[in-house]
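Breakdown of the fold
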Amino acid sequence: MPPKQTNPANRGRGAANKPAASRTPQSRTSSSGGRPTATGKNGSQARDREIVEITSDTVGEDDDVEEEDHEEEEEVVHSDEEPAKTIQPELLKALLHEFFENENTRITKDANQAVAQYMDVFVREAIARSAVERDGPFLEVEDLEKISPQLLLDL
Amino acid sequence: MADLAEEDVRENLKAALWYAVGKIVDDETLRKNRNATPQFIGALAEMVWQQIENVATDLETFSRHAGRTTVTTDDVLLLARRNIDLHAMIKDTVDKQKAAKVKGKGKANR
C-alpha cells in the first residue's frame, strides 16, 4: 500500500517539474522502473489510470506547494515534540514521586526540569562512553558494564 | 490489592522509562552512525531507573536537611556538586528559568 501512495506523489512532482510532458509516457516509465513486479498488464493499466486520476487532482504546482506546507507543519509539530527525546518531565515527576519516601515531598517545576536535564546528560554520557568502548557498530551490554562504574562516580 | 496496584504502577513507569531511554538511544546512535542491541537499551534503562531512585532519595534528603518538604533547584544543584561541568550546565538552565520567570512577571505587572 505505501508504495502506491508515494508513487502518485512522485508523479505529481514530476508533472509539476515538466508540465509540457504528457502524463501517459511518464506513468509508463515509472510503472516499468518503479514497479517492475506489477501484476498483469490489465492490472497495471488500471492502476495507472487510477494514479493519473489522482495526479490530475494534484497536478497544479500550487497544490504541490500546499502539500509541502502541510508536511512542514507536521514537522514543526514533531520538533515541538523533540524535547520528548529526553525523558519527559511528567514521567520523571511520576518516577521521583514513586521513589520519595515521604508522601508529602513535593518538587518545583524548575527543579523537575533540572533533574530532567541531569538524567538526559546521564543517558547520553552513558551512550557516548559506550560508543568509545566499542569498535563495531552495535553497542552491547558489556560496553555499558565497562563504563558504568566510572559513570556513576562522575555523575 | 493495594500492593498489586503499586506493582502495576511501577511496571508501567518502567515501561515508559524504557521507551524514553530507547528513544534517546536511537537519537544518539543515529547521530553517531551506530546501533544498539535491545539488551543494551534494557540495561541502560535499568541503570537509569536505579539512578533516578538514588537521585530521588538524595533530593528528598537535601530538601529535608534544608528544612523544606519541597525539592527546589538548589537541591538539584547540590546533587551535581561533584561534577563541575555538569553543575555549570544545570546552573545555566536554572538561571535561564529564573530569568524567564522575572521577565514573565514583569510583563504581567505591566
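All values derive from a computational prediction rather than experimental measurement.

When the pLDDT values of chain B are averaged, the result is 88; 93% of them are 70 or greater. When mean pLDDT is compared element by element in chain B, helix H2 (residues 38–65) of chain B scores highest at 93, while helix H4 (residues 84–109) of chain B scores lowest at 84.

For helix H6 (residues 109–133) of chain A, built from 25 residues, the straight-helix expectation of 36 Å at 1.5 Å per residue is met to within 8% by its first-to-last C-alpha distance of 36 Å. In terms of burial, H6(A) is a largely internal element, 18 of the 25 residues being buried.

By size, the foremost hydrophobic cluster in this structure holds 52 residues, and its most contacted members are A:Ile87, A:Met119, B:Leu44 and B:Val48. Elements that contribute at least two residues to this core include exactly helix H5 (89–99), H6 and helix H7 (141–154) of chain A together with helix H1 (2–32), H2, helix H3 (73–79) and H4 of chain B.

Our focus in this paragraph is the pattern of salt bridges. All told, the structure shown has 16 salt bridges over all chains when counted by the stated rule. Among the salt bridges present, the one from B:Glu46 reaches B:Lys14, with a minimum N-O distance of 3.0 Å. Residue B:Glu46 is found in helix H2, and its partner B:Lys14 is found in helix H1; the two are separated by 32 residues along the sequence. Using a relative accessible area of 32% as the deciding quantity, one classes B:Glu46 as partly exposed. One network of salt bridges, with partners in common, ties together A:Asp120, A:Arg124, B:Asp27, B:Glu28, B:Arg31 and B:Lys32.

In this assembly, 50 residues from chain B lie in contact with 52 residues from chain A. Between chain B and chain A lies a buried interface of about 4700 Å² when both sides are counted; carbon and sulfur atoms form 70% of it. Here B:Arg10 ties to A:Glu98 by a salt bridge, and the two come within 2.8 Å at their closest N and O atoms. The interface formed by chain B and chain A holds 21 residue pairs in polar contact (both at pLDDT 80 or more) in total. Contributing elements (two or more residues each) for the side of chain B that touches chain A: H1, strand S1 (35–36), H2, strand S2 (70–71), H3 and H4 of chain B. Among the elements that make up the side of chain B that touches chain A, the one with the highest residue count is H2(B) (16 residues). Both strand S2 (residues 138–139) of chain A and S1(B) contribute to a ladder of two bridges, which runs parallel. The residue of S1(B) that forms the bridge with A:Phe138 is B:Asn35.

Attention shifts here to the side chain of A:Ser130. For A:Ser130, the location among the structural elements is in helix H6. Within polar-contact distance, the side chain of A:Ser130 engages the backbone oxygen of A:Ala126 at 2.7 Å. In this structure, A:Ser130 is in contact with A:Leu139, A:Asp143, A:Leu144, A:Ile147 and B:Phe40, ignoring residues within four places of it in sequence.

Procedures and definitions
Residues numbered from 1 in each chain as written. Chains lettered and ligands numbered in written order. Predicted model: local features only at pLDDT ≥ 70, side-chain atom pairs only at ≥ 80, totals over all residues. Heavy atoms only, no water. pLDDT = per-residue confidence, 0-100. Helix = DSSP H or I, 4+ residues; strand = E, 2+ residues; numbered from the N terminus. Expected span 1.5 Å × (residues − 1). Buried < 20%, exposed > 50% of the residue type's maximum accessible area, 1.4 Å probe, protein only. Core = buried A, V, L, I, M, F, W, Y, C linked by side-chain atoms within 4.5 Å. Salt bridge = Lys/Arg side-chain N within 4 Å of Asp/Glu carboxyl O. Contact = heavy atoms within 4.5 Å. Buried area = accessible area lost by both parts, 1.4 Å probe. Polar contact = N/O pair within 3.5 Å; in protein donor to acceptor, adjacent residues only side chain to side chain. Pairing = 2+ DSSP bridges.

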